[in-house]
Amino acid sequence: MSERIVIIGGGVIGSCIAYYLTLRGVSVMLIEKTAIAAAASGKAGGFLAYDWNDSGPLKELSRKSYALHAELATDMGVAYGYRKLDTLSMATCDAGVKYKKSPSIKTPFPEWVTGTVLGCSSIGTSAT
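Everything numeric in this text was worked out from a predicted model, so none of it was measured. (Residues numbered from 1 in each chain as written. Predicted model: local features only at pLDDT ≥ 70, side-chain atom pairs only at ≥ 80, totals over all residues. Heavy atoms only, no water.)

Enquirer: Honestly, the pattern of salt bridges in this entry has me stumped. Any pointers?
Expert: Side chains that differ in charge, positive against negative, can pair when their charged atoms come close. Enumeration according to the criterion identifies one salt bridge in this entry. Arg63 serves as the salt-bridge partner of Asp54, at 2.6 Å between the closest nitrogen and oxygen. On the accessibility criterion, Asp54 (29% relative accessible area) is partly exposed. The class for Arg63 is partly exposed, based on a relative accessible area of 22%. (Salt bridge = Lys/Arg side-chain N within 4 Å of Asp/Glu carboxyl O. Buried < 20%, exposed > 50% of the residue type's maximum accessible area, 1.4 Å probe, protein only.)

Below you can see the structure in the form of structure tokens.
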């Protein structure tokens, strides 16, 4: 008799459990009320950072998760939008006015930014 597992909830956790069980040859039925990743898992910004938890107890788990996303993007062969990007944190005001860069800001930022940029810093690169 073969195993069959029923998973209730098609968010990121339920979907991952189903995926990895099927890789092991287990028959899985995934039950979701609406659609896969239709709730919180599908609405999250999806921002991952390699080194944000380096000073805490989740360092290894965070780094494994970061690497796993890149691996899944390749292994699954599905274009779901995974990409590595440089990220900035910015504070602006006066929307609609062409930006003025404060002399104290050293981080370059995109030309399409409007308003006065009060602060800008890099919070991640495509490597982190």
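Enquirer: I tried to follow the packing of aromatic side chains on my own but got confused; where do I start?
Expert: How two aromatic rings sit relative to each other is set out by the distance from centre to centre and by the angle between their planes. Counting across every chain of the model gives two aromatic pairs. Centre to centre, the rings of Tyr50 and Tyr66 are 5.4 Å apart; their planes meet at 65 degrees, and the pair counts as edge-to-face. Of this pair, Tyr50 sits in the loop between helix 2 (40-43) and helix 3 (59-75) while Tyr66 is found in helix 3, placing the two residues 16 residues apart along the sequence. Among the residues examined, Tyr50 registers a relative accessible area of 27% and is labelled partly exposed. (Phe/Tyr/Trp six-rings, centres within 6.5 Å; stacked < 30°, edge-to-face > 60°. Helix = DSSP H or I, 4+ residues; strand = E, 2+ residues; numbered from the N terminus.)

Enquirer: I'm lost on helix 1 (residues 12-23) in this one. Help?
Expert: Think of an α-helix as turning once every 3.6 residues; residues three or four places apart then point the same way. The terminal C-alpha atoms of helix 1, which comprises twelve residues, lie 17 Å apart, in line with the 16 Å expected from a rise of 1.5 Å per residue. Taken as a whole, helix 1 has its buried residues at Gly14, Ala18 and Tyr19. Across the axial projection of helix 1, the buried residues extend over an arc of 130 degrees, all falling on one side. Looking at helix 1, the residues exposed on the side facing more than 90 degrees away from the buried face are Ile13 and Leu23. (Expected span 1.5 Å × (residues − 1). Arc of directions from axis to C-beta.)

Enquirer: Just checking my understanding: could you explain a nonpolar patch on the surface for this structure?
Expert: Where nonpolar side chains cluster on the molecular surface, the patch consists of Val6, Ile8, Met29 and Ile31 and spans about 370 Å² of accessible area. Looking at where Met29 falls in the secondary structure, it is placed in strand 2 (residues 27-31). (Patch = residues over 30% accessible without salt bridge, like charges linked within 9 Å, V, L, I, M, F, W, Y side chains within 5 Å. Areas by Shrake-Rupley, 256 points an atom, 1.4 Å probe, with all protein chains shown as cover.)

Enquirer: Would you take a moment to explain helix 3 for this structure?
Expert: Counted at 1.5 Å a residue, the expected span for helix 3 with its 17 residues is 24 Å, and the 24 Å between its end C-alpha atoms agrees. Within helix 3 the residues assigned to the buried category are Ser62, Tyr66 and Leu72. For helix 3, the angular spread of the buried residues around the axis is 130 degrees, confining them to a single face. Projecting away from the buried face of helix 3 at angles above 90 degrees are the exposed residues Glu60, Lys64 and Thr74. Looking at the buried residues of helix 3, the elements they touch are helix 1. Following helix 3 by one or two positions, Gly77 adopts a phi angle in the positive range, close to 65 degrees. (Contact = heavy atoms within 4.5 Å.)

Enquirer: Sorry, what's going on with unusual backbone geometry here?
Expert: Glycine aside, residues mostly have negative phi, and peptide bonds are mostly found in the trans state. Its identity as a non-glycine residue notwithstanding, Ala37 has a phi of 55 degrees, on the positive side. With respect to the element layout, Ala37 can be found in the loop between strand 2 and helix 2. Using a relative accessible area of 31% as the deciding quantity, one classes Ala37 as partly exposed.

Enquirer: Sorry, what's going on with the environment of Leu88 here?
Expert: Take Leu88: it is sitting in strand 3 (residues 87-98). Under the relative-accessibility criterion, Leu88 is labelled partly exposed at 34%. Here the alpha-carbon distance between Leu88 and Gly124, two residues 36 residues apart in the chain, equals 7.1 Å.

Enquirer: Sorry if this is basic, but what is going on with the pairing of strand 1 (residues 4-8) here?
Expert: Working note: regular strand, side chains alternate between the two faces of the sheet. Note: strand 1 against strand 2, five bridges, orientation parallel. In the sheet register, Ile5 faces strand 2, and the bridge partner there is Val28. The parallel pair strand 1 and strand 2 is bridged by helix 1, and the resulting crossover is right-handed. (Pairing = 2+ DSSP bridges. Right-handed = clockwise from strand over helix to strand, strands pointing away.)

Keep in mind these values describe shape, not function.
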